[in-house]
Amino acid sequence: MIGFIIAGLVIGALARLVKPGRQNLGLLATLLLGLAGSVIGGVVANLLGTGDIFELNILGFVVAVIAAVLLIGVAEGMSGRRSVRR
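Keep in mind it's a predicted model, so treat the numbers as computed, not measured.

(A) Here's a closer look at the overall build of the protein. Of the regular secondary structure elements, the protein holds three helices and zero strands. When the elements of the protein are put in sequence order from the N terminus, they spell out α-α-α. Looking at the protein residue by residue over its 86 residues, the buried ones come to 33%. Sequence-distant contacts, at least 24 apart, represent 60% of the contacts inside the protein between residues at least 6 apart.

This is the structure we're talking about:
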C-alpha cells in the first residue's frame, strides 16, 4: 500500500513536469491524480496482457503518466483556472 502511494506521487509529479504551463494543484491533488493514473495504467497493462494491475512494468508506467497528464488537464478545466503561457 505504501508503495502504491509512493508510485502515485511519483507518477503525479512526472505528469506535472511533462505537462507544459503552471498547474495550480497541491500535493494532495497531485497524489490523487497520480494514483488514478497509476490505476488506469495498471488496468491498461493488464488488458494488454503485460502484467497484473499492481505489478510495476514499463508499459503500465508510461500509460499511467499519460493518464495522469490527461487527468491534470481535466482537473484544470473543471476548476475553471486555465494556465496562462508566458
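(B) Representation of the environment of G12 in the model. Take G12: it is sitting in helix α1 (residues 2–18). For G12, a relative accessible area of 1% puts it in the buried group. Once the C-alpha coordinates of G12 and A64 are considered, the two residues, 52 residues apart in sequence, prove to be 8.9 Å apart.

(C) The UniProt feature "transmembrane region" (unreviewed entry) in the protein, seen in detail. Mapped onto this structure's residue numbering, the UniProt feature "transmembrane region" (unreviewed entry) falls at residues 25–49 and 56–75. Along residues 25–49, the helical share is 84% and the strand share 0%, with 34 Å between the first and last C-alpha atoms.

(D) Expanded view of α1. For α1, built from 17 residues, the straight-helix expectation of 24 Å at 1.5 Å per residue is met to within 8% by its first-to-last C-alpha distance of 24 Å. Looking only at α1, the buried set comprises G8, I11, G12 and A15. The buried residues of α1 occupy an angular sector of 100° when the element is viewed end-on, so they sit on one face. Within α1, the exposed residues directed more than 90 degrees away from the buried face are I2 and L17. Where α1 is buried, its residues touch α2 (27–47) and α3 (58–79).

Rules used throughout
- All residue numbers here refer to positions counted from 1 along the written sequence of the relevant chain.
- Predicted model: local features are reported for residues with pLDDT of at least 70 only, side-chain atom pairs are reported and counted for 80 or more only, and whole-chain, interface and lining totals are derived from all residues.
- Hydrogens and water are ignored here; the side-chain numbers use all heavy atoms of the structure.
- Where helices and strands are cited, they refer to DSSP runs of H or I of at least four residues and of E of at least two residues respectively, numbered from the N terminus.
- Categorising residues by exposure relies on relative accessible area from a 1.4 Å probe, with only protein chains included: less than 20% of the type maximum marks a residue as buried, more than 50% marks it as exposed, and the intermediate range marks it as partly exposed.
- We call two residues contacting when some pair of their heavy atoms lies within 4.5 Å.
- UniProt positions are given in the numbering used here, feature names are shortened, and annotations may be inferred rather than shown by experiment.
- One less than the residue count of a helix, multiplied by 1.5 Å, gives the span that helix is expected to have.
- The arc under discussion is defined with respect to the helix axis, by the directions toward the C-beta atoms.

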